[in-house]
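So you can see what is in the structure, the chains are spelled out below.
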Amino acid sequence: MALPYVAAILFLVGTIQRYRATGFKVSSLSSQFLEGRRLFWASVPFHFGILVVFAGHLVAFLVPSGILAWNSNPVRLLVLQITAWAFGLSVLVGLVGLLARRLTEPRVRMVTTPMDLVIEILLLVQTGLGLYIGYAHRWGSSWFAADLSPYLWSLVKLDPQITAVSAMPHVIQLHIVNAFVIFAIFPFTRLVHILVAPFHYLNRPYQRVIWNWDRAAIRSPKTAWSATRPRNN
Amino acid sequence: MDVRAQISMVFHLDKCIGCHTCSVACKNIWTDRKGAEYQWWNNVETKPGTGYPGKWEDQEIYKGGWEREGAGSIQLKGAGKAKGLANIFHNPHLPSVEDYYEPFTYNYLNLIEAPPGDDQPTARPVSLITGKPIDVKMGPNWDDDLGGSPDYARNDPNLEALTPAEREAMFQLERMAFFYLPRICNHCLNPGCVASCPSGAIYKRGEDGIVLINQKVCRAWRMCVTACPYKKSYYNWHSGKSEKCLLCYPRLEAGHAPACMHSCVGRIRYLGVLLYDADRIQRAASAPDGEITRAHLDLILDPFDDQVIAAAQRNGVPDSTLKSAQNSPTYKFVKQWGMALPLHPEFRTLPMLFYVPPLLPVMASVTQTDGAQKERLNPIAKTWTDDWLYDTSTEELWGTIEQARFPLKYLASLFSGGDEKAVAQPLKKLMAVRIYRRWKTVGDIDESRVDEVLKDTGLSRDSAEAVYYLTALAKFQDRFVIPPAHREQALEMLEFTGDTRGSQGFGFLERPERGA
Ligand code: SF4
Ligand code: SF4
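The present account deals with the structure reproduced in this document. (Residues numbered from 1 in each chain as written. Chains lettered and ligands numbered in written order. Predicted model: local features only at pLDDT ≥ 70, side-chain atom pairs only at ≥ 80, totals over all residues. Heavy atoms only, no water.)

**Things to note about the overall build of chain A**
Secondary structure assignment for chain A yields ten helices and one strand. Whereas a compact globule of 233 residues would reach a radius of gyration of roughly 17 Å, chain A reaches 22 Å, over 25% beyond that. By principal-axis analysis of the C-alpha atoms, chain A measures approximately 70 × 45 × 35 Å. Looking at chain A as a whole, 41% of its 233 residues are labelled buried. (Helix = DSSP H or I, 4+ residues; strand = E, 2+ residues; numbered from the N terminus. Rg over C-alpha atoms; globule rule 2.2 N^0.38 Å. Buried < 20%, exposed > 50% of the residue type's maximum accessible area, 1.4 Å probe, protein only.)

Next comes the structure, spelled out in structure tokens:
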């Protein structure tokens, strides 16, 4: 009941607090330097898979009517389901690879924190559940849009309507609960690197020059340059 | 004209004795930490050799630097917006720890604590990453002094420029020669590392051109490691941040020379301000292949020119910096005398560390003689043993340069993107100064010959004397002309840093530790 809200608060407050207090530690913490070959076969399927799967959930949440309209044609429904499932499988393959690499490569183990394992296992459970649900409880894209999206929106409107959810099979409930758990611990894991994804790279010039002080202003006796902060820290 | 100041360096390779004092000085100050053990912001390589990381010059492997495309625009070879973001989950061109070496220490405690037994206790090497015993296969200077030549020296990427016969000639035992190549970050004008950083964590300081990585903003996307063709940006596997040479900026701001330069035993290092025209950087970096060195050197402006001075002042360059630029030893070597060249200009990052190419192995040649021939040799020549002639004759003015033990092609591949004329010039000047000094001190050379060589190289007697002074006698203040940092104006520099000693970077209030 209260879990979604606890999760949301932890997510928001935790992220802000983490960034403010220990911003230095926000990093993707890549271990490719220590082991690169196995990482390729794990990291790439995982990341591309989860980007698509997450985007799918997000679209179904935001524009359920669009999904339902798309699904009105059975062929299109099938295409959507199979695509989603395939990317889910790619996530699973990637995650298993990542976890195996983490546990068996001695160098990578040295840079593994307990939280890395916790989050990887939670994600693994989540992906396994998702794939099972996709297979056993068809057609997920339709009932997500029809039943879960309203539930999620009711959460947003601070008026939780859980009847639809409580009537669902336990696996689906577990999937939902696990999702909120992941959100709740998000700020305390390496997942924070998602929030600093470098999209701003696309619209900046390649070279960056930073001046500690404004060169023109500093020569003018009229400007109060001493009140400004340096721009590179 | 957008005049800016750059703190630049000149390394005089003739003087480097390969002692690695510079590397150790740097290591002790900056990289004596977990995750940075393998990093040598300053390293010294033996040439010919593969260097550190192995074969770093081979951009077919590492994809560093910029590439010129048909239309004359340049692109990062292995990074950039499209390639960098597409490869962000796994960078196919990232060197791994094996390409450098696995950092190790020895289990010294075992020497003391081993229980009594029949065998002498040993200190086994253990990995600094895993703590487990390892077989050490590689170190940062494994190929020192041509050690392991078949594996290292013969795989030097610069040998590509030579014919197989020339290559064989270089490795004949009697002709074997080598020199040292100390390397630090070049603090480039068109840095690949800055351009490749998706987070925008790397920047060039406007005031002095030092290229730095903001440790707080770095998120370990590790593109800079690929994009720097000199492999001078390193990934700290422990903290999850990339790091690089910072030209000891805290020392520079306090008026001290960088640690590697201060400690340099051979006194090969010079540091000073160069003024350059930032408006022309892009054009210079995209110059056609053969013209890149000239375009690069053309960026550097004359600090005595009134127009340059006026433009610099308009740009806020302090007068004290202008004065340093006028006294700069690097300006003398690079522009005034034309004796120093950038390392691998064809990488197009416009490096601001210049090298005086080495002449030493060229000076003498060793030939087998029949003892009788000795009598007929000119008086300057010396005999080594009865049958071997160690010939230091300077009679053949430029012949010795063309028949150098290092084929000019090899040096050209290092210092001028293959342009042999461009490397021959500084070598001739080095030779000319020697001939001039020999005439002055030993007196066994004709004055007319001296005038001839000086005229040929465009040096006056005064400048030859000045080259000699700066090469052989220069004092600390001559070698390092450090512009005042104007701490009173630069707020960044006022931050108290004492509390973060022994840690990473400056200006933190947070302990720089690895995240979860
Ligand atoms: S040498 Fe490499 S790390 Fe240094 S400024 Fe140039 S590109 Fe960047
Ligand atoms: S300290 Fe100087 S002489 Fe010694 S290796 Fe370094 S650059 Fe060469």
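**Considerations on the interface of chain A and chain B**
Listed as interface residues are 59 residues of chain A and, on the opposing side, 73 residues of chain B. In this structure, the salt-bridge partner of Arg107(A) is Glu98(B), at a minimum N-O distance of 2.8 Å. Looking at the side of chain A that touches chain B, the elements that each hand over two or more residues are helix 1 (3-22), helix 2 (37-62), helix 5 (106-110), helix 6 (114-136), strand 1 (209-210) and helix 10 (215-219) of chain A. When residues of the side of chain A that touches chain B are assigned to their parent elements, the largest contribution, seven residues, is made by helix 2 of chain A. Residues of the side of chain A that touches chain B, tallied by class, amount to 30 nonpolar, 19 polar and ten charged. Pairing geometry for strand 1 of chain A and strand 8 (residues 202-205) of chain B, over two bridges, is parallel. In the strand pairing of strand 8 of chain B, Val209(A) is matched with Lys204(B). (Contact = heavy atoms within 4.5 Å. Salt bridge = Lys/Arg side-chain N within 4 Å of Asp/Glu carboxyl O. Nonpolar A, V, L, I, M, F, W, Y, C, P; charged D, E, K, R; others polar. Pairing = 2+ DSSP bridges.)

**Concerning the site of ligand 2**
Contacts to ligand 2 come from 14 residues, most closely from Cys16(B), Cys19(B), His20(B), Cys22(B) and Cys264(B). Grouping the constituent residues of the shell around ligand 2 by class yields nine nonpolar, four polar and one charged. (Near = heavy atom within 4 Å.)

**As for the site of ligand 1**
Taken together, Cys185(B), Asn186(B), His187(B), Cys188(B), Pro191(B), Gly192(B), Cys193(B), Val211(B), Cys228(B), Tyr230(B) and Lys244(B) make up the full set of residues near ligand 1. Classifying every residue of the shell around ligand 1 by side-chain character gives seven nonpolar, three polar and one charged.

**Things to note about the packing of helix 3 (residues 64-71) of chain A against helix 7 (residues 140-156) of chain A**
All names here are of chain A. Where helix 3 meets helix 7, the axes come as close as 9 Å, and the angle between the chain directions of the two elements is 150°. Classed by the angle they form, the pair helix 3 and helix 7 counts as roughly antiparallel. Once helix 3 is placed against helix 7, the crossing between them reads as left-handed. The segment helix 3 lies against helix 7, with Pro64, Ile67, Leu68 and Asn71 engaging Ser141, Ser142, Ala145 and Ser149. Grouping the constituent residues of the contact of helix 3 with helix 7 by class yields four nonpolar, four polar and no charged. (Axes fitted to C-alpha atoms, helices over the stretch in contact; angles between N-to-C directions. Parallel < 35°, antiparallel > 145°, perpendicular 65-115°, else oblique. Left-handed = near helix turned anticlockwise from the far one by under 90°.)

**What about the sheet that holds strand 1 of chain A?**
Pairing within the open sheet is mixed, and its three strands lie in the order 1(A)-8(B)-9(B). The two strands at the open ends of the sheet, each matched to only one other strand, are strand 1 of chain A together with strand 9 (211-213) of chain B.

**A closer look at the nonpolar core**
Core analysis: the biggest nonpolar cluster contains 136 residues, and Met261(B) and Phe415(B) have the highest contact counts within it. With residues near it in sequence (within four places) discarded, Met261(B) still touches Met9(B), Phe11(B), Ile184(B), Leu247(B), Arg269(B), Tyr270(B), Leu271(B) and Phe480(B). With 19 residues, the next largest nonpolar core counts Ala42(A), Leu122(A), Ile185(A) and Phe89(B) among its residues. (Core = buried A, V, L, I, M, F, W, Y, C linked by side-chain atoms within 4.5 Å.)

**A word on a nonpolar patch on the surface**
All names here are of chain A. Residues Phe54, Leu58, Val59, Leu62, Val63 and Phe183 make up a contiguous nonpolar surface patch of roughly 510 Å² in combined accessible area. The dominant element in the nonpolar patch, judged by the number of residues it contributes, is helix 2, at four residues. Tracing the sequence through the fold places Val63 in the loop between helix 2 and helix 3. What makes Val63 partly exposed here is its relative accessible area of 42%. (Patch = residues over 30% accessible without salt bridge, like charges linked within 9 Å, V, L, I, M, F, W, Y side chains within 5 Å. Areas by Shrake-Rupley, 256 points an atom, 1.4 Å probe, with all protein chains shown as cover.)

**Re the state of the cysteines**
All names here are of chain B. Inspection of every chain in the model, using the stated rule, returns zero disulfides over all chains. In this model Cys224 remains outside any disulfide bridge; the closest cysteine sulfur is found in Cys197, 6.4 Å from its own. The closest cysteine sulfur to the non-disulfide-bonded Cys260 is located on Cys248, 6.2 Å from its own sulfur. The exposure class assigned to Cys260 is buried, which follows from its relative accessible area of 7%. (Disulfide = S-S within 2.5 Å.)

**Concerning the pairing of strand 8 of chain B**
All names here are of chain B. Both faces of strand 8 are covered, namely the face carrying Ile202 and Lys204 and the face carrying Tyr203 and Arg205. Summarising the sheet, strand 8 and strand 9 pair through three bridges and their orientation is antiparallel. Residue pairing in the sheet places Ile202 in a bridge with Ile213 of strand 9. Between strand 8 and strand 9, which pair antiparallel and follow one another directly, the connecting turn spans five residues, one of which, Gly209, has a positive phi of 75°.

**Structural notes on the environment of Ala114(B)**
Residues and elements named next belong to chain B. Of note, Ala114 is situated in the loop between helix 5 (109-113) and strand 6 (125-127). Taking relative accessible area as the criterion, Ala114 reaches 24% and is therefore assigned partly exposed. Along the sequence, Ala114 and Gly80 sit 34 residues apart, while their C-alpha atoms lie 54 Å from each other.

**Remarks on the pattern of salt bridges**
Residue and element names in this part refer to chain B. In the structure shown here, the tally under the stated rule is 27 salt bridges over all chains. In this structure, Arg449 engages Glu452 in a salt bridge whose closest nitrogen and oxygen atoms are separated by 3.6 Å. Taken together, the positions of Arg449 and Glu452, both in helix 20 (residues 447-457) and three residues apart, correspond to about one turn of that helix. Between Arg461 and Asp451 there is a salt bridge, with the nearest N and O atoms lying 3.0 Å from each other. Of this pair, Arg461 sits in helix 21 (residues 461-473) while Asp451 sits in helix 20; the two residues are ten residues apart in sequence, bridging distant segments of the chain.

**Remarks on the packing of aromatic side chains**
In this structure the tally under the stated criterion is 31 aromatic pairs over all chains. Ring centres of Tyr38(B) and Tyr100(B) lie 4.9 Å apart, and the angle between their planes is 70°; this geometry places the pair in the edge-to-face category. On the criterion of sequence distance, the pair formed by Tyr38(B) in the loop between helix 1 (21-30) and strand 2 (43-47) and Tyr100(B) in helix 4 (residues 97-100) is long-range, its members being 62 residues apart. Its relative accessible area of 0% is what places Tyr38(B) among the buried residues. Taken together, a centroid distance of 5.6 Å and an interplanar angle of 70° make the contact between Tyr52(B) and Tyr100(B) edge-to-face. Note that Tyr52(B) is positioned in the loop between strand 2 and helix 2 (59-62) and Tyr100(B) in helix 4, a separation of 48 residues in sequence. Comparing Tyr52(B) with Tyr100(B) shows no difference in burial state: the two are buried. In this structure, Lys241(B) is placed above the aromatic ring of Phe24(A), and the distance from its NZ or CZ to the ring centre is 4.5 Å. Here Arg437(B) stacks its cationic end above the ring of Tyr468(B), 3.7 Å away from the centre of that ring. (Phe/Tyr/Trp six-rings, centres within 6.5 Å; stacked < 30°, edge-to-face > 60°. Lys NZ or Arg CZ within 6 Å of the ring centre and 35° of its normal.)

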